[in-house]
Amino acid sequence: MGRVAISGVTKRFDDVTAVDNLTLEVADEEFIVLLGPSGCGKSTALRMIAGLEEPTAGTIEIGDREVNDVEAKDRDVAMVFQSYALYPHMTVRRNVEFPLKSRRVPKTERDQLVTEATKMLGLSELLERKPAQLSGGQRQRVALARAIVRRPQACLMDEPLSNLDAKLRVQTRAELIELRRRLRATIVYVTHDQVEAMTMGDRIAVLDQGVLQQVDQPQDVYARPANLFVARFIGNPPMNTISGDVTRVDGGLAVRIPGGVVGLPPPLAAAVERLGSPQVVVGARPEDFQLGEGGPVKATVSVIESLGHERHVICRLEDGQLVIVRQAAHVPAPAIESAVGLTPDADLLHVFDAATEERVDA
Amino acid sequence: MSAPTDAAVELCPGESPVTAPAPRKRRLSRRAREAGLGYLLVIPAFAVFGVFVFYPFVRNFYLGFFSTPPFPGQPKNYVGIDQYRDVLTSSDFLDSLKVTVTFAIITVPIGIALGILLAVLAHQKLKAIGIYRTFFSSTVATSVAVAAVIFGTLLSPQVGLLQGIQTEPSILQNPDPIININLPVIRSFIPSVALVAVAVTTIWQNLGLSFILMSAGLQAVPDDVQEAAEIDGAGSWSRFWHVTLPLLSPTIFFAVVVGSIFAFQTFGQIDLLTPRGGPLKTTNVLTYFIYDQLQFAKNDGKAAVLAIALFGVTLLLTLVQFRFLERRVSYER
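(A) How the structure looks around the overall build of chain A. Broken down by element type, chain A carries nine helices and 20 strands. Projected onto its principal axes, the C-alpha positions of chain A cover 80 × 45 × 35 Å. Relative to its 362 residues, chain A shows a buried fraction of 41%. Once local pairs closer than 6 in sequence are excluded, the contacts in chain A between residues at least 24 apart make up 65%.

(B) Focus on the overall build of chain B. Scanning chain B from N- to C-terminus turns up 13 helices and two strands. Taking all 333 residues of chain B together, 30% fall into the buried category. Of the contacts made within chain B by residues no fewer than 6 positions apart, 62% connect residues no fewer than 24 positions apart.

(C) Here's a closer look at helix H10 (residues 236-264) of chain B. In this model H10(B) runs just 36 Å from its N-terminal to its C-terminal C-alpha over 29 residues, more than 12% under the 42 Å that 1.5 Å per residue would give. Remark: the principal bend of H10(B), roughly 55°, maps to B:Ser249, with a proline, B:Pro250, within the next four residues.

(D) Just the sheet that holds strand E8 (residues 187-191) of chain A, in detail. All names here are of chain A. A sheet is described by the order of its strands in space; here six strands give the open sequence E6-E7-E8-E3-E9-E10, paired in mixed fashion. Where the open sheet ends on each side, the last strands, each with one partner, are strand E6 (77-80) and strand E10 (211-216). When the angles between neighbouring strand axes are averaged without regard to direction, this sheet yields 20°. Examined bridge by bridge, strand E3 (residues 31-35) and strand E9 (residues 203-208) share four bridges and lie parallel to one another. Across the sheet, residue Ile32 finds its bridge partner in E9, namely Arg203.

(E) Structural view of the environment of A:Leu86. If you trace the backbone, A:Leu86 turns up in the loop between E6 and helix H2 (92-102). For A:Leu86, the residues in contact, after removing those within four places along its chain, are A:Asn95, A:Pro131, A:Arg139, A:Val142 and A:Ala143.

(F) Fine view of the interface of chain A and chain B. In this complex, chain A contributes 20 residues to the contact, which on the side of chain B involves 18 residues. Elements with a contribution of two residues or more to the side of chain A that touches chain B: E6 and H2 of chain A. Partitioning the side of chain A that touches chain B into residue classes produces 14 nonpolar, three polar and three charged.

(G) Just the nonpolar core, in detail. Grouped together as the largest cluster of nonpolar side chains are 157 residues, with contacts concentrated most on A:Ile49, A:Met79, A:Leu156, A:Val188, A:Ala205 and B:Leu306. Tallying contributions element by element places helix H8 (residues 193-219) of chain B first for this core, with eleven residues. The contact partners of A:Leu156, leaving out residues within four places of it in the chain, are A:Leu46, A:Ile49, A:Ala50, A:Val77, A:Ala78, A:Met79 and A:Val188.

(H) Quick peek at unusual backbone geometry. Here the bond from A:Asn236 into A:Pro237 is cis, since omega is 0°, no more than 30 degrees from zero. Its identity is not glycine, yet A:Asp14 carries a phi of approximately 50°, on the positive side. Relative to the helices and strands, A:Asp14 is located in the loop between strand E1 (4-13) and strand E2 (16-26). Taking the C-beta count within 10 Å as the criterion, A:Asp14 has 5 such neighbours and is therefore assigned exposed. With phi around 60°, B:Lys281 is a residue other than glycine that occupies positive phi space. With respect to the element layout, B:Lys281 can be found in the loop between helix H11 (268-273) and helix H12 (286-295).

(I) Up close: the domain arrangement of chain B. By the assigned domains, chain B splits into domain 1 (7-63) and domain 2 (86-328). Taken over C-alpha atoms, the centre of domain 1 of chain B sits 45 Å from the centre of domain 2 of chain B.

(J) Broad picture of the domain arrangement of chain A. Residues and elements named next belong to chain A. If you check the domain split of chain A, you get domain 1 (4-232) and domain 2 (237-353). Counting from both sides, the interface comprises five residues of domain 1 and, opposite them, seven residues of domain 2. When the residues that make up the side of domain 1 that touches domain 2 are grouped by side-chain class, the tally is three nonpolar, one polar and one charged.

(K) Here's a closer look at the environment of A:Ala329. All names here are of chain A. Position of Ala329 among the secondary structure elements: in the loop between strand E18 (322-328) and strand E19 (339-344). Looking at Ala329, the number of C-beta atoms within 10 Å reads 11, which means it is exposed. Taking the C-alpha atoms as reference points, Ala329 and Ser306, separated by 23 residues in sequence, lie 7.8 Å from one another. If we skip the residues at most four places from it in the chain, Ala329 touches Gly308, His309, Glu310 and Arg311.

(L) Representation of helix H3 (residues 107-120) of chain A within the structure. Residue and element names in this part refer to chain A. Taking 1.5 Å per residue, 14 residues should reach 20 Å; H3 reaches 20 Å between its end C-alpha atoms and fits that length. Within H3 the residues assigned to the buried category are Val114, Ala117 and Thr118. The buried residues of H3 all sit within an arc of 95° when viewed along its axis, so they share a single face. Seen from the open side of H3, the exposed residues pointing more than 90 degrees away from its buried face are Thr108, Glu109, Gln112 and Lys119. Buried-residue contacts for H3 involve H2 and helix H4 (136-148). Among the residues trailing H3, Gly122 stands out with phi positive, at a value near 65°.

(M) Inspection of the confidence of the model for chain B at higher detail. Residue and element names in this part refer to chain B. Across chain B, the average pLDDT comes to 88, with 89% of residues at or above 70. Residue range residues 1-16 is modelled with pLDDT below 50. Its contacts to residues more than four positions away, or to other chains, number twelve contacts. Across the predicted assembly, pTM comes out at 0.83 and ipTM at 0.87.

(N) Structural view of the sheet that holds E2(A). Residue and element names in this part refer to chain A. On the basis of which strands lie adjacent, the open sheet formed by four strands has the order E2-E1-E4-E5 and antiparallel pairing. Edge positions in the sheet fall to E2 and strand E5 (65-66), since each of these pairs with one other strand and no more. Pairing of E1 with strand E4 (residues 57-62), which is carried by five bridges, proceeds in the antiparallel orientation. Along E4, the bridge assignment pairs Ala5 with Glu61.

(O) Quick peek at the pairing of E3(A). Residue and element names in this part refer to chain A. With five of five residues buried, E3 is to be regarded as a mostly interior element. Of the two faces of E3, the one holding Phe31, Val33 and Leu35 and the one holding Ile32 and Leu34 are both buried throughout. One ladder, built from five bridges, connects E3 with E8; its direction is parallel. Following the sheet pairing, Phe31 is matched in E8 by Ile187.

(P) Up close: the packing of H2(A) against H4(A). All names here are of chain A. Contact geometry of H2 with H4 gives a least axis separation of 7 Å together with a crossing angle of 30°. Relative to H4, H2 is oriented roughly parallel. Considering how the two elements wind past one another, H2 and H4 form a crossing that is right-handed. Facing H2, whose interface residues are Val92, Asn95, Val96, Phe98 and Pro99, H4 presents Val142, Ala145 and Arg146. For the contact of H2 with H4, the per-class residue count stands at six nonpolar, one polar and one charged.

(Q) A look at the pairing of strand E12 (residues 252-257) of chain A. Residue and element names in this part refer to chain A. Pairing of strand E11 (residues 240-249) with E12 involves five bridges; the strand directions are antiparallel. Of the residues in E12, the one forming a bridge with Thr247 is Ala254. Joining the antiparallel neighbours E11 and E12 is a turn of two residues, in which Asp250 adopts a positive phi near 50°. Bridge analysis of E12 against strand E13 (residues 260-263) gives four bridges, and the strand direction is antiparallel. Bridge assignment links Ala254 to a residue of E13, and that residue is Gly263.

Parameters at a glance
- Residues numbered from 1 in each chain as written.
- Chains lettered and ligands numbered in written order.
- Predicted model: local features only at pLDDT ≥ 70, side-chain atom pairs only at ≥ 80, totals over all residues.
- Helix = DSSP H or I, 4+ residues; strand = E, 2+ residues; numbered from the N terminus.
- Buried ≥ 20, exposed ≤ 12 C-beta atoms within 10 Å, placed from the backbone.
- Contact = placed C-beta atoms within 7 Å.
- Expected span 1.5 Å × (residues − 1).
- Bend = angle between axes of the 7 residues up to and from the residue.
- Pairing = 2+ DSSP bridges.
- Axes fitted to C-alpha atoms, helices over the stretch in contact; angles between N-to-C directions.
- Nonpolar A, V, L, I, M, F, W, Y, C, P; charged D, E, K, R; others polar.
- Core = buried A, V, L, I, M, F, W, Y, C linked by C-beta atoms within 7 Å.
- Domains from an automatic or database assignment.
- Arc of directions from axis to C-beta.
- pLDDT = per-residue confidence, 0-100.
- Parallel < 35°, antiparallel > 145°, perpendicular 65-115°, else oblique.
- Left-handed = near helix turned anticlockwise from the far one by under 90°.

Right, dumping it as structure tokens:
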């Protein structure tokens, strides 16, 4: 297994820039997730690592060598496709064996490796079946077995769970985490599903419109999003972000938003002071609010969504903007159209520069 | 209220249960009515097939029982199955069958192989690839007559580009085997120069269709399966051999079956390039032999037997292909 280093890689298709000056270092045995909405360039980045697309600029290293001029077949990486891309005319055994055969691994060693990989993925009973005779989940496991069987430098996965139904996806996700722990493989995993990213990755690289937004551990991406895009993309329901004017209250700094004034704790206040901008965007996650009769921000309860274990109280500020507040199910629910006060947890507030959309205390 | 009625009665609106017959009988009659409608709808198609296929076939088979008199106007003689035996064991039939089979063996595999080659070449994302695709498929729009004229000119001893100017007779009149081997048994199976020339014409003429078929087959091979093979370390030859070709096998099988049937029915280019069965009858394929018996020998009894023989041989060949080739075809996608 080995590291993957992408430096200054750009990919342009005619006049569309799919990936823009991407630099990313994946350590040996690291599981990194490329996360972003569809069309953000994450799959293109993966395909460039695989050698299926050629970068317009920049270099890609796998292990200790630069691979820009190395063909896909010689890059020593494996890939799991969203569609699985199994060889439909071959049995499970021959599918898994194919990468070994292509690399002229001797027969006895080949058999042993195939047995090992298929056993690890619970495919031992299915070796003589063809892909058409397998369920979606089984096909997915064959694709995984084919990828891991020859212990490549890196394992690339392109939305491998998105063709599974919701229940199977949760199960396969857990299996994948366990498999990864046993294999100690370097994995680059592409997904648009933030739950997959949060639960599986050692680090998450968030991309938008071909540009890398943030690379961090999942918890840090959630707790300290680098900019407004990441703040709004990660988290479900998403973070509430409201623009307001910086104002001075009792010697401290605060932000005036529709319906009230949100005081800033000293570290954030210092950062906003340094910024010197009169306009900022404050962000608070739905769970970081107290909802009561009194509070610094006045709002009206608009809709209540009950999910059983919790509820989402959607409140309307005086200018019509919506704020989502997450409440535990055992707390009494407010009445619809009642006036409430919102108290954001000051220590968990996020403040972004309104002009650059960057986090002020980065 | 009467006894509980059967569901079938309920399903027939507009009739009261009192006047309805017993449910069971009614259900049968509905089935019969449906069957009747089915047969009624089949009649037009059956009539067309009957007039143009079934009746001529039976009539032709029957015609084979009568020998044609040497002079017109004399009554036909019923000779029964004897004529079948005589014709099918005659050396001119066996020679003709040999020529036909040889012709198919040359044209079908080479035509398909070249079609695959061109389809793979044209399956690239290159600029102006559409122009190549148009060229490669253009012979589809070329009639047999045009193809024959083109190759007839190319092979002409006076002006032909392929033959050059020489005093020898045309390649198309050369009955010598294309390869000279002095073993009588093998020698008799080696095609003549003239037959090979006609076969080349045929391959060229069919190349457009073969190219289009194989291109369509290639389109159905998923890109990501090809990419998976590439990442799995397969070189381009290995990818072609282990992935492309197996996934193309249903198309190839279709082309082999249909191509063989077409090859056995080749007539136009044979007649136009090598009239009267060619030099020493070395291009006398079965269809031409039938035509020759009918048109020049005026022996319709013998022609009928030959036509039945052609049908039988084609049917047998197709059955053999399904029996032995189809098991190697993978239909999975």
